[in-house]
Amino acid sequence: MKRLFSIISILIAGLEAGFAGEKDLREANEYYRRSLEDLLLVETPAKAMIGSRGGDRDALSAEVPIDVITAAQLQSTGQSELMRALAVLVPGFNFPRPSITDGTDHAPPFTLRGLNPDQVLVLVNGKRLHQSSLLHNNGTIGRGSSSVDLNAIPLRAIERIEVLRDGAAAQYGSDAIAGIINIILKGYGHANHASLSYGRTHKGDGVLRQADVFYSRALPGDGFFNFTVELRDRGPTNRAGPDILDGGRINTHFGDADTQDLLLAVHAELPRSDATFYLHGVYDRRRSSAGAFFRRANDDRNISAIYPDGFLPSIEPKILDYSMTIGSKGVLENGTHWDLSYTQGHNDYHFYVSNSLNTSLGLATPTSFDSGATRYTQRILNLDLSQRLGRHTFAGGYEFREERYRIVAGEPASYVLGPAHDGAYGAQGFPGFTPDNAVMAKRQAHALYGDIKYGLTERLMIDAAVRAEHFSDFGSTANGKLALRLRAHEDLLLRASASTGFRAPSLSQSHFSYTGTYRNSANDPPLYWGNFAVDHPVARALGATDLKPEKSRHLTLGLVYQPTSTLSASADWFLTDIADRILPTGYIASWNLSTLSPQAVAILDAHRIDGAVYFTNAVNTRTQGLDLRLDSTHEFGQGARLKLTGAYHFSKTRITGVNAAPGVLGVAMTELVLDAFTRTMIEESQPRSAFKLWSKYSTPAWDLVLNLNRFGSFASVKGDETVRFRAKWTLDAEYSYRLSKDVTLSLGGVNLFNAMPDEWGQTSDTLVGSGKVIRYSQYAPFGYNGAFYYLRLGLTF
Amino acid sequence: MRRRTLLSFALSWFFLASPLASEEEKKLQAVFIGRFASYVEWPDGRRERFVITLLDDNPFGNLLGELYHDKRINGKPVELRHARRLEEVGETDILFITVANFQARRAAIEYAQKNGILTISEIKGFAENGGIIQIDFVEQRVRIKINYDAAMKSGLKIGAPLLSIATVLRGEKP
């Protein structure tokens, strides 16, 4: 018996080995019979560098699930902004279009796999990209977080985007909880290109005018200097309904902001013997404008002598965002690869308000204001080392990171409470940051990390990573990851990973203060209210403590089936537990929290505070889900090709635990943090499922792209009522015709059949609800603009 | 005993190596090596076998040997060699170079030029620095770069069909 098993096992192994070689050999022989011209048309599988320090490898062969979005896919969406493009290409990537949400209108957040915007790490060419200084402080998805502004990156500069669907903080540090988005800028060998785009919605608004140029200059040794400039002017859309309390006129702006962007990108490499000097950077200068809530003529906050018909305050930030990396990489004589780099990123979000007034200043009020700014700067010094020994890779490195966060006060008129009104202080629409809110905070972090990719056998690869990091504000953290990749068969790959991770509390969460003033009568002293930094005496007295990092645990199991080089399918199940998620408290005031302790009430009274909000480590959550993906390419001969990518994502987040609230408040954390609105936002406000079917039929003369999307259902709370919004289908299409070898004309439609999200239905709210001013939820995952049509002329030179 | 036998069965399946699926790029490179040769004329028919030598790493596993064992290049059966160091190269028709070190790569190129060897590599800057054929992958497609002067210097003639699909460097300019 024993001998029989031994013989069988050797036979199977032999067959496996023979079969494996046979498949590769069959495909190689098939290539060998093709003409040289045909060989040049072969499309190789997408590469990905993320999740490995051993260089690029086929994304499908990776030990962790990675989606690769190509430049062609990005361009075919017809979207001018990166986040809009990813929302229709990446299942689980959620990009709602908030409106009337102060700063968030102009730099909206995105999320991955139903988690928070700050739980995604974004890299450019493998280097960390900074977050915006803006803290999303209204009732939007991602409330209480700062996010990366992906729209600050010009689409035309991008070669591909790698989306790692797994926790990877043990490799990359803070934030890599929901996953990593790695944006690879165009490098060596790309053709020069220029394009002009024009588009508008079915309503005739949201007019898009865009011009972009990608220019590449070859440098010695296959080096390159690539430069991209993009001018983007996107007009506002407005889906606000008539206001029956204002004569039935449309007085509100509810839709996309009016934005003008100047975007630049640079990417250069200059090889010199065994070293290559490189730099890359992105730059965005944005001017934007969107409305606040309308103040009717008879509104207490209006001065009718200035605005006899009422007024719509306009929030008009000037946003500057840039990131630049310089570095050098090479290989030593012993084969060790090294990469030394410095990255600096900066975001300046400066609030201006126009068409407004400070009611409390009476007729002396200005009508436009400088309401102050938030700024964030990140500096990173990084050294990566790696060495391949046979099928093994050993890697490690050191990283130093310094972050600075600043709040700059607005001009006095933007925040003062003058004598003419007891409550309507500051700039209507967006009162300025006060000198008390101004802050300059910084922290430093040192990280050491190691990563071993060890091929136990040709079949089995183990990847083990550890990362220890010390932050100057909250201390140290250490995380690990173990991933296995087993090629069970030539066509079948099994993969699994388990890891821990963390997210450092952002400086904005720790240090954000935004307070206002009012008084009960002209003779009373002013009262204060608003957000207080966790180290503010008021917050401290109310139980605030320094924020701890959010901690996560991840488990992923998956398989890839690839019977041929043109057909692949994958399935990955994942589980993510997050502890100590950071949330803003509810409004701590005696009139809002019925059981607020007398001690807390006394603290509020002593500081003349009406109510306060601060950030705290509040809840634990569990997110689990499934990703399915199918990719297929079919050649029809004579240059005709059909590419299909189908993907389905499901994820569900639920709150699994609640931390204890500060004892001084006398309320439970559930009451303090988890009102119905917040609970629903965490658990149900993002679609649990998404389906994408992207197809492209291309011929030498023309291309047709169809992109079918199903955005899953979601829920939101209005008042005390939870409203559910059904799933919706959209179809995007683009037809491109090559007028000549170098000139292409594209005609396309986004949401071609004008699908709209469900309306709110009947509500008790005066503004929000069907037939009212605001009919649509700002959480709708595909927005509420309806169809958008565009024309694009492209020139390769 | 039965448990041990089962374990032996599982382990043998697990550990007896079967080659990993070759990456598509490697398959194409393996194919191009032979296809290039059919468009190149060597100065003389020195050997009875057509020799392909891999210098430094062998990124192809078993694929190259299996692909060419039943093929003839320029009418000759193909012999595959693997040299860890330049001193081990000897006589060969094609030298596929994966040497990462710049100076060592340059030495290999010089050796090849003196001995009428067609050099091929995927390393950036290879053709500009005296290598003859460089295989690149840009946007998931193959691109070929040929240093025509280096070929001439090596005494090799490259046929027009191959030149027509490549970026050709002449006088160190494309």
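Positions within a chain are numbered from 1, following the residues in the order the chain's sequence is written. Chain letters start at A and ligand numbers start at 1, both assigned in the order the entries are written. Given that this is a predicted model, residues contribute local features only at a pLDDT of at least 70 and side-chain atom pairs are listed and counted only at 80 or more, while totals for whole chains, interfaces and linings are drawn from all residues. Heavy atoms throughout the structure, all of them, feed into the side-chain values; hydrogens and water do not.

A. A look at the overall build of chain B. Under the DSSP-based scheme used, a helix requires at least four consecutive residues in state H or I and a strand at least two consecutive residues in state E, with every element numbered from the N terminus. Across its full length, chain B holds six helices and 10 strands. Only protein chains enter the area calculation, which uses a 1.4 Å probe; residues under 20% of their type maximum are buried, those over 50% are exposed, and those in between are partly exposed. Sorting the 174 residues of chain B into buried and exposed places 52% on the buried side. For chain B, the accessible surface area stands at approximately 8100 Å², while carbon and sulfur atoms represent 50% of it. Note on areas: Shrake-Rupley, 1.4 Å probe, and residue coverage restricted to the protein chains presented here.

B. Geometry of the overall build of chain A. Each helix and strand in chain A was counted, giving 10 helices and 37 strands. Expected size for 797 residues packed as a compact globule is a radius of gyration near 28 Å; at 28 Å, chain A falls within 12% of this value. With the C-alpha coordinates of chain A rotated into their principal frame, the extents come out at 95 × 60 × 55 Å. The buried share among the 797 residues of chain A stands at 62%. For chain A, contacts bridging at least 24 residues in sequence account for 69% of all contacts bridging at least 6. Accessible surface for chain A amounts to roughly 28900 Å². Of this, 59% is attributable to carbon and sulfur atoms. Distance from the positive charge centre (80 side chains) to the negative charge centre (82 side chains) of chain A: 3 Å. The globule rule is 2.2 Å times the number of residues to the power 0.38, and the radius of gyration it is compared with is taken over C-alpha atoms. Should any heavy atoms of two residues lie within 4.5 Å, those residues are considered in contact. Residues scored as charged are limited to Lys and Arg (positive) and Asp and Glu (negative), so that His and the chain ends carry no count. In this description, the location of a charge corresponds to atom NZ of lysine, CZ of arginine, CG of aspartate or CD of glutamate.

C. Representation of the confidence of the model for chain B in the model. The predictor's confidence in any single residue is recorded as pLDDT, a number from 0 to 100. The predicted model of chain B has a mean per-residue pLDDT of 85, with 84% of residues at 70 or higher. Counting interchain partners and residues more than four positions distant, the pLDDT-below-50 stretch residues 11-22 of chain B has 38 contacts.

D. Structural detail: the environment of Phe254(A). All names here are of chain A. With respect to the element layout, Phe254 can be found in the loop between strand E12 (223-234) and strand E13 (258-272). Of the residues examined, Phe254 reaches a relative accessible area of 3% and is grouped as buried. In this structure the C-alpha to C-alpha distance between Phe254 and Ile774, which are 520 residues apart in sequence, comes to 7.0 Å. Excluding anything up to four places from it in sequence, Phe254 contacts Ser99, Ile100, Thr237, Asn238, Arg239, Ala240, Ile774, Tyr776, Gln778 and Tyr784.

E. How the structure looks around the sheet that holds strand E7 (residues 127-128) of chain A. Residue and element names in this part refer to chain A. For two strands to pair, DSSP has to find at least two bridges joining them. What the five strands build is an open sheet, ordered E3-E8-E9-E6-E7; its pairing is mixed. Pairing within the sheet leaves two strands with one partner each, and these edge strands are strand E3 (66-70) and E7. In terms of strand pairing, strand E8 (residues 158-164) meets strand E9 (residues 179-185) through six bridges, oriented antiparallel. When the bridges of E9 are listed, Ile158 appears paired with Leu185. An axis is simply a line fitted to the C-alpha atoms; with a helix, the fit covers only the stretch in contact. Between two such axes, the angle follows the N-to-C directions and lies from 0 to 180 degrees. Packed on one face of the sheet, helix H4 (residues 82-89) meets E3, E8 and E9 and runs near 55° to E8.

F. Quick look at the side chain of Asn192(A). All names here are of chain A. The topology assignment puts Asn192 in the loop between E9 and strand E10 (193-201). Judged by relative accessible area, Asn192 falls into the buried class, the value being 13%. Whenever a nitrogen or oxygen atom comes within 3.5 Å of another N or O atom, the pair is scored as a polar contact, on the condition that within protein one atom can donate a hydrogen and the other can accept it, and that pairs from neighbouring residues in sequence are kept only if both atoms are in side chains. Within the local environment of Asn192, its side chain forms a polar contact with the backbone nitrogen of Ser216, the two atoms lying 2.6 Å apart. For Asn192, the residues in contact, after removing those within four places along its chain, are Phe214, Tyr215, Ser216, Leu795, Thr796 and Phe797.

G. Inspection of the sheet that holds strand E28 (residues 609-613) of chain A at higher detail. Residue and element names in this part refer to chain A. Taken together, the three strands give an open sheet; going across it, the order is E24-E25-E28, and neighbouring strands pair in mixed fashion. The open sheet has two edge strands, strand E24 (514-518) and E28, and neither has a second partner. Across the sheet, the mean angle separating the axes of adjacent strands is 15° when strand polarity is ignored. In this sheet, strand E25 (residues 527-531) lies alongside E24 in antiparallel orientation, the contact comprising five bridges.

H. A look at the packing of aromatic side chains. Residue and element names in this part refer to chain A. Only Phe, Tyr and Trp rings are paired, with Trp represented by its six-membered ring, and only when their centres lie within 6.5 Å; those with planes under 30 degrees apart are stacked, over 60 edge-to-face, the remainder tilted. Enumeration according to the criterion identifies 28 aromatic pairs over all chains in this entry. With centroids separated by 6.3 Å and ring planes inclined at 40°, the aromatic side chains of Phe512 and Tyr514 adopt a geometry described as tilted. Taken individually, Phe512 and Tyr514 each receive the classification buried, so the pair is uniform in this respect. Between the aromatic rings of Phe788 and Tyr790, the centroid separation amounts to 6.4 Å while the plane-to-plane angle is 25°, which identifies the pairing as stacked. Cluster of aromatic residues (ring-pair linked, three or more members): Tyr349, Phe351, Phe430, Phe433, Phe512 and Tyr514. The ring of Trp760 carries the charged tip of Lys718 above its face, separated from the ring centre by 5.6 Å. Each ring is checked for a lysine NZ or an arginine CZ that lies within 6 Å of its centre and within 35 degrees of its normal; such an atom marks a charge sitting over the ring.

I. Focus on a nonpolar patch on the surface. All names here are of chain A. To count toward a patch, a residue needs a relative accessible area above 30% and no salt bridge. Like charges then connect within 9 Å, nonpolar side chains (Val, Leu, Ile, Met, Phe, Trp, Tyr) within 5 Å. In the sections that follow, a salt bridge refers to a side-chain nitrogen of Lys or Arg positioned within 4 Å of a carboxyl oxygen of Asp or Glu. Residues Leu196, Leu704, Leu706, Tyr735, Tyr737, Leu739, Leu745, Leu747, Leu791 and Leu793 make up a contiguous nonpolar surface patch of roughly 860 Å² in combined accessible area. Taken together, the elements giving at least two residues each to the nonpolar patch come down to strand E32 (702-711), strand E35 (728-738), strand E36 (743-750) and strand E37 (788-796). Using a relative accessible area of 52% as the deciding quantity, one classes Leu747 as exposed.

J. Examining helix H10 (residues 676-683) of chain A more closely. When H10(A) is considered as a whole, its buried residues turn out to be Thr678(A), Thr680(A), Met681(A), Ile682(A) and Glu683(A). Looking at the buried side of H10(A), the elements it contacts are strand E27 (567-584), strand E29 (615-637), strand E30 (640-658), helix H9 (669-673), strand E33 (714-718) and strand E34 (721-725) of chain A.

K. The nonpolar core, seen in detail. In this structure, Leu542(A), Leu665(A) and Leu672(A) are the most contacted members of the largest nonpolar core, which totals 50 residues. Apart from the residues lying within four places of it in its own chain, the contact partners of Leu665(A) are Leu542(A), Ile588(A), Thr595(A), Leu596(A), Ser597(A), Ala600(A), Tyr614(A) and Leu672(A). Only buried Ala, Val, Leu, Ile, Met, Phe, Trp, Tyr and Cys residues count toward a nonpolar core, and they belong to the same one when joined by side-chain atoms within 4.5 Å. Core analysis: the next-biggest nonpolar cluster, separate from the first, contains 47 residues, Ala28(A), Ile33(B), Trp42(B) and Ala166(B) among them.

L. Structural detail: the confidence of the model for chain A. Averaged over all residues, the pLDDT of chain A equals 93, while 97% of them reach at least 70. Predicted confidence for residues 4-20 of chain A stays below pLDDT 50, and this span has 23 contacts to residues more than four positions away or in other chains.

M. Molecular detail of the pattern of salt bridges. Under the criterion given, the structure shown has 70 salt bridges over all chains. Here Arg286(A) makes a salt bridge to Asp261(A), at a shortest N to O gap of 2.7 Å. Residue Arg286(A) is located in strand E14 (residues 275-291), and its partner Asp261(A) is located in strand E13; the two are separated by 25 residues in the primary sequence. We classify Arg286(A) as buried; its relative accessible area is 3%. Its salt-bridge partner being Lys26(B), residue Glu122(B) comes within 2.8 Å of it at the nearest N-O pair. On the criterion of sequence distance, the pair formed by Glu122(B) in the loop between strand E6 (118-121) and strand E7 (133-138) and Lys26(B) in helix H2 (residues 24-37) is long-range, its members being 96 residues apart.

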